[in-house]
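Architecture at a glance
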Amino acid sequence: MNASFMPSFMPGMMPGMNFGGQMGNPFIMMQMMQMLMMMMMMMGQQQGQCGCQMGFQQGAGNQFGNMMFPSMPNYGGGGMPYMGNGGGGNWQTGPMTGVNMNDIRGGTQFGNSLAQYAGSHANGPGGYCYRWVKQALRSHGVNLQGGSAYQAADQLAQNGRFHEVRGMRPDQLRQLPPGAVVVWNRGPGHQHGHISIALGNGMEASDKLRRQITGYGTQFRVFVPNG
Amino acid sequence: MNALPEEALRQVVATGLPPVVPGYLPEGFAFSRVHVERDPDFGSRYQIDFLGPDQQRLSIEATDGGVGDVFPGDESFPVEAGPLGAAQVELYQDAEPVELRSTWLELGEATFAGVSGEGVEPDEVCRFTRELVRLTP
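The present account deals with the structure reproduced in this document. Computed from a predicted structure; not experimentally measured. (Residues numbered from 1 in each chain as written. Chains lettered and ligands numbered in written order. Predicted model: local features only at pLDDT ≥ 70, side-chain atom pairs only at ≥ 80, totals over all residues. Heavy atoms only, no water.)

Observations regarding the overall build of chain A
- Assigned secondary structure in chain A consists of four helices and six strands.
- Helices and strands in chain A line up, N terminus first, as α-α-α-α-β-β-β-β-β-β.
- Each of the 227 residues in chain A was classed as buried or not, and the buried ones make up 48%.
- Of the contacts formed within chain A by residues at least 6 apart in sequence, a portion of 67% connects residues at least 24 apart.
- For chain A, the exposed surface amounts to about 10,200 Å²; the carbon and sulfur share of it is 53%. (Helix = DSSP H or I, 4+ residues; strand = E, 2+ residues; numbered from the N terminus. Buried < 20%, exposed > 50% of the residue type's maximum accessible area, 1.4 Å probe, protein only. Contact = heavy atoms within 4.5 Å. Areas by Shrake-Rupley, 256 points an atom, 1.4 Å probe, with all protein chains shown as cover.)

In structure tokens form, the structure reads like this:
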């Protein structure tokens, strides 16, 4: 790890630190776990700079905890995303600092039309998100290839009808403008990933209509429609 | 066991996707219909429906692309589908009738099959999935 990147709390975590016999204290242990997880997230950010690989699954929180919509698990919770780069490509790693949503709010004619199409065609059986999103995009002149949802990300990054917004926090996904495309990477337990089109009201459409997923357990990339 | 009429099987084979048929059907279930899609951009897809005496449905689906994860349900049932590999059958209890869907089984490069059901007991869907048969055209 680059020493200049060491967070201020790290000296207390150096090897040899005397924990004063508190290792058996559940509260202390929980605090240590939280600090360790923060360190791992910081290292994840480093991954983007040094190209090294580090993968871990969510540690705290329960992404499948509460039901938010019928027949679907709660993907709205926080939880720590899988930071590995399972799907290849240019996936965001490390903590998301957030973006100024005023910069991307509002929507465009193209985005509104795309969202309207996607929202009115979200009548699939489940498991076909990429097929439905491909269809919505094709009806607007954007052609995607590949069999699994995560494969859309690199293609959208190269497409002039969209621009990628990086650094977005998961909780900001529900404020996306109409037509924004969110692609979730593959990872452990997520063989194909997920893709959806934001409707501009906190909902997303693919083959199903549901509340915008914010905690899927893998990394995401966001593509906002241009004018 | 091949519960498909010859014409239905011919339509499935014509998609170019590997034909997958039931090796087991619950009592009272019979072939209902086959739905086929062929699109130069999206590839092919078929769905074979079997209906039970009270309109319960069991389906086999196959596609050569356009898939995403099958979301976890209220309950998950692990299934070993023989040479087709391992899957999870997900139960969505809030749907009416109750819905079940297996995660995708890989048939080949970017080619997948799955099972879905409505109003069927999870045990039956698991057995239906476990005993799927991939035919050699």
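Digging into the pattern of salt bridges
- Tallied over the entire structure, the rule returns 14 salt bridges over all chains.
- Arg45 of chain B is the salt-bridge partner of Glu61 of chain B, the closest N and O atoms lying 4.0 Å from each other. Here Glu61 of chain B is found in strand 4 (residues 57-63), whereas its partner Arg45 of chain B is found in strand 3 (residues 43-51), with 16 residues between them in sequence.
- Among the residues examined, Arg45 of chain B registers a relative accessible area of 5% and is labelled buried.
- Among the ionic contacts, a cluster of salt bridges with common partners joins Arg131 of chain A together with Glu37, Arg45, Glu61 and Arg101 of chain B. (Salt bridge = Lys/Arg side-chain N within 4 Å of Asp/Glu carboxyl O.)

A few points about the interface of chain B and chain A
- Counting residues at the interface gives 26 residues for chain B, matched by 30 residues for chain A.
- When chain B packs against chain A, close to 2,400 Å² is buried across both sides, 50% of that on carbon and sulfur atoms.
- The tally of links from chain B across to chain A stands at two salt bridges.
- Between Arg138 of chain A and Asp39 of chain B there is a salt bridge whose closest N-O contact spans 3.3 Å.
- In this structure, the connection of chain B to chain A is made through 19 residue pairs in polar contact (both at pLDDT 80 or more).
- Those elements that provide at least two residues to the side of chain B that touches chain A are strand 2 (30-39), strand 3, strand 4 and strand 7 (99-102) of chain B.
- It is strand 3 of chain B that contributes the most residues to the side of chain B that touches chain A, three residues altogether. (Buried area = accessible area lost by both parts, 1.4 Å probe. Polar contact = N/O pair within 3.5 Å; in protein donor to acceptor, adjacent residues only side chain to side chain.)

Let's talk about the side chain of Asp69 of chain B
- Position of Asp69 of chain B among the secondary structure elements: in the loop between strand 4 and strand 5 (75-80).
- In this structure Asp69 of chain B is buried but unpaired, with Arg186 of chain A as the nearest side chain of opposite charge at 9.4 Å.
- Only 3.2 Å separates the side chain of Asp69 of chain B from the backbone nitrogen of Gln191 of chain A, close enough to count as a polar contact.
- Apart from residues lying up to four places away in sequence, Asp69 of chain B is in contact with Gly127, His190, Gln191, His192, Gly193 and Tyr216 of chain A. (Lys, Arg positive; Asp, Glu negative; His and termini not counted.)

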